[in-house]
Amino acid sequence: MAIRVIEEKCKGCALCEKNCPFDAIQVKGQKAVIGMGCTECGNCIENCPFDAIEKTSPEKKAADVSAYRGVWVFAEQRDNEIQSVVFELLGEGRKLADELETELCAVLCGCGIREQAEELIACGADKVYVADHEILKHYRTESYSRVIFEAIERYKPEVVLLGATHIGRDLGPCLAVKAGTGLTADCTKLEIDRENRRLQQTRPAFGGNLMATIICPSHRPQMSTVRPGVMQKSVRDGGRTGALIDLPITFTEDEIPTKILDIIKSVGEKVSLTDAKIIVAGGMGLGSAEGFKLLKELADRLGGVVASSRACVDAGWIAPSYQVGQTGTTVKPAVYIACGISGAIQHLAGMQNSDYIIAINKNENAPIFEVADYGIVGDLYRVIPELMEALG
Ligand SMILES: Cc1cc2nc3c(=O)[nH]c(=O)nc-3n(C[C@H](O)[C@H](O)[C@H](O)COP(=O)(O)OP(=O)(O)OC[C@H]3O[C@@H](n4cnc5c(N)ncnc54)[C@H](O)[C@@H]3O)c2cc1C
Ligand code: SF4
Ligand code: SF4
């Protein structure tokens, strides 16, 4: 039990009994007693007027960091298709592994997925740890975290990278807690401090207003979830060879509390912003949802796709899947045309690495011009038709 009542201090006032959101505390014989339902939320500690409750978990001892080697990438798959962020992680992981003079490994879990391991090797992995079993057919926190945690304990990787997808954001923290180590979420830059083999994990913080570089000095593995669309994909080389290592399944279906009853695919529009070469994005400067029709016309002419700022999504002009930015998708197209977008930092966070940025805005002081390679100051409803005319 990590939450303890200090009996000498407890006055039996029962305030904690009322405050516990999990009904896990009861006053018996004028003393509070903490029961099995305690989730260690800490609410009672803060609320006891007599400081009679404390957390007793011992300080975690630092790990022997020298016992850990290897960079691991979680090879997320859905319907047995490796997700594109995995190739970005392999590209980045290869660089980190080379700097650390260690091996790059992928961890592949699923059912009937062995053949995908070859693809991971072709894309940079030296080794692939494969857990291929019916129980892993669909992602579930308990089954995936158990098999991967057991592998972490056994093979002791130095770095573990996961895509900051819905699955990666669920699995990463669960693994980090099991392993008693640090995790930095949603990283946009990773570097190695060669002197002490530390991973410097940089991520936007405070709404993107500051970049925080975070290290995990005394626990291993060093874990990060990495924002999709930011890192360079690895270069495929069909001639590469590597090793396959099977991971054992040490549990049964009965031990996994989560049961998947049905999987319902979204019926909404699907947009693949991350793969688009040309993006024509619209902001509040469009004036109304109708404006996206004009952008679609331009995008169709250029063989591109339409995207949006968050403000238009919030206004209900377009579906959330079109949103570019810190809380939307990160994109890196060859050409990004920003039409009527002011260039708030949260929007820039999702598109400033585009090869070429063209901004159309009627306000010459709009911050979007600071990142634009080409800027047109003017009303987009005049500029875009002229652009299309010029395209012929
Ligand atoms: C935590 C947090 C997360 C966020 N995440 C995101 C995110 O992921 N993505 C995102 O986009 N935003 C995000 N935002 C919101 C962001 O701060 C801005 O509010 C938003 O990007 C503004 O959208 P906009 O540029 O379309 O609108 P505005 O800022 O209103 O800009 C409209 C622009 O259009 C120009 N304009 C007006 N009429 C015309 C015309 N006829 N022709 C040409 N130009 C014209 C104006 O000069 C102006 O520059 C987030 C905010 C917070 C706090
Ligand atoms: S709030 Fe504090 S003093 Fe009151 S019963 Fe709970 S532990 Fe005891
Ligand atoms: S730590 Fe939270 S769950 Fe546990 S007894 Fe206190 S209030 Fe209840």
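Residues numbered from 1 in each chain as written. Chains lettered and ligands numbered in written order. Predicted model: local features only at pLDDT ≥ 70, side-chain atom pairs only at ≥ 80, totals over all residues. Heavy atoms only, no water.

1. A short note on the overall build of the protein chain
Under the convention used in this document: Numbering of helices and strands runs from the N terminus; a helix is a DSSP stretch of H or I covering at least four residues, while a strand is a stretch of E covering at least two. A 1.4 Å probe rolled over the protein chains alone gives each residue an accessible area, and that area as a share of the maximum for its type sets the label: buried under 20%, exposed over 50%, partly exposed in between. Contact criterion: two residues are considered in contact whenever any of their non-hydrogen atoms come within 4.5 Å of each other. Note that accessible areas follow from Shrake-Rupley with a 1.4 Å probe, and for residues the cover is restricted to the protein chains shown. For the purpose of charge, His is not counted, nor are the chain termini; Lys and Arg are scored as positive and Asp and Glu as negative. We put the charge of a Lys on NZ, of an Arg on CZ, of an Asp on CG and of a Glu on CD.
Helices and strands together make up the secondary structure of the protein chain, namely 11 helices and 21 strands. A principal-axis box enclosing the C-alpha atoms of the protein chain has dimensions of 85 × 60 × 50 Å. Taking all 392 residues of the protein chain together, the buried fraction comes to 44%. Restricting to contacts in the protein chain with at least 6 residues of sequence separation, those with at least 24 account for 63%. As presented, the protein chain carries roughly 20000 Å² of accessible surface, and 50% of it is formed by carbon and sulfur atoms. When the 43 positive and 53 negative side-chain charges of the protein chain are each reduced to one mean point, those points stand 3 Å apart.

2. Section: the site of ligand 3
Rules: Only a single heavy atom is needed: when it lies within 4 Å of a molecule or strand, its residue is near that molecule or strand. In this classification, Asp, Glu, Lys and Arg are treated as charged, Ala, Val, Leu, Ile, Met, Phe, Trp, Tyr, Cys and Pro as nonpolar, and every other residue, Gly included, as polar.
In the neighbourhood of ligand 3, the contacting residues comprise Ile3, Cys20, Pro21, Phe22, Cys38, Thr39, Glu40, Cys41, Gly42, Asn43 and Cys44. When its residues are assigned to classes, the shell around ligand 3 shows seven nonpolar, three polar and one charged.

3. Considerations on the sheet that holds strand β16 (residues 243-246)
We apply this condition: The pairing criterion for strands is at least two bridges between them, as found by DSSP. Structural elements are reduced to axes, namely lines fitted to C-alpha atoms, with helices fitted over the stretch in contact, and the angle between N-to-C directions of any two is expressed from 0 to 180 degrees.
Taken together, seven strands build an open sheet; the order of strands is β11-β15-β10-β5-β8-β9-β16 and the sheet is parallel. Bordering the open sheet on either side are β11 (183-187) and β16, each of which pairs with just one other strand. This sheet shows a mean twist of 20° between the axes of neighbouring strands, independent of strand direction. As judged from the five bridges shared by strand β10 (residues 159-163) and strand β15 (residues 222-226), these two strands associate in the parallel manner. Residue Leu162 lies in a different strand from β15, and its bridge partner there is Thr225. Packed on one face of the sheet, helix α3 (residues 84-100) meets β5 (71-74), β8 (104-110), β10 and β15 and runs near 175° to β5. Across the sheet, helix α6 (residues 166-179) touches β5, β10, β11 and β15, and the angle it forms with β10 is around 155°.

4. Observations concerning the domain arrangement of the protein chain
The criterion, for reference: Here the limits of each domain have been adopted from an automatic or database domain assignment.
The domain boundaries assigned to the protein chain delineate domain 1 (4-54), domain 2 (66-255) and domain 3 (278-391). Computed over C-alpha atoms, the centres of domain 1 and domain 2 are 40 Å apart.

5. A word on the site of ligand 2
As a structural note, the neighbourhood of ligand 2 is formed by 13 residues, with Cys10, Cys13, Ala14, Cys16 and Cys48 the closest of them. Classifying every residue of the shell around ligand 2 gives 11 nonpolar, one polar and one charged.

6. Structural notes on the pairing of β15
Counting buried residues along β15, five of its five residues qualify, which places the element largely inside the surrounding structure. On β15, burial covers both faces: Gln222, Ser224 and Val226 on one face and Met223 and Thr225 on the other are all buried.

7. Re the environment of Arg310
Summarising the element assignment, Arg310 is placed in helix α8 (residues 310-314). Taking the C-alpha atoms as reference points, Arg310 and Gly283, 27 residues apart in sequence, are found 7.9 Å from one another.

8. With respect to the nonpolar core
The line we're drawing: Definition of nonpolar core: a set of buried residues of the types Ala, Val, Leu, Ile, Met, Phe, Trp, Tyr and Cys, connected through side-chain atoms within 4.5 Å.
Core analysis: the largest hydrophobic core is formed by 32 residues, its most contacted members being Leu90, Leu120 and Val128. When residues of this core are traced back to their parent elements, those giving at least two are β5, α3, β8, α4 (116-122), β9 (127-132), β10 and β12 (189-193). Considering each element in turn, this core owes the most residues, eight residues, to α3. Beyond its immediate sequence surroundings of up to four residues, Val128 is in contact with Ala106, Leu108, Ala117, Leu120, Ile121, Ala243, Leu244 and Ile245. By size, the runner-up hydrophobic cluster in this structure holds 27 residues, among which are Ile148, Phe149, Ile152 and Leu171.

9. Structural notes on the pattern of salt bridges
Short version of the rule: For this analysis, a salt bridge means a side-chain nitrogen from Lys or Arg found within 4 Å of a carboxyl oxygen belonging to Asp or Glu.
Evaluated as defined, the whole model comprises 21 salt bridges. For Asp126, the salt bridge goes to Arg240, with nearest N and O atoms at 3.0 Å. Pair noted here: Asp126 is in the loop between α4 and β9 and Arg240 is in the loop between β15 and β16, with a separation of 114 residues, a long-range link. On the basis of relative accessibility, which here comes to 22%, the residue Asp126 falls in the partly exposed class. A salt bridge links Glu158 to Arg197; the shortest N-O distance between them is 2.7 Å. Of the two residues, Glu158 is situated in the loop between α5 (141-155) and β10 and Arg197 in the loop between β12 and β13 (198-205); the sequence distance between them amounts to 39 residues. The exposure class of Arg197 is partly exposed, given its relative accessible area of 22%.

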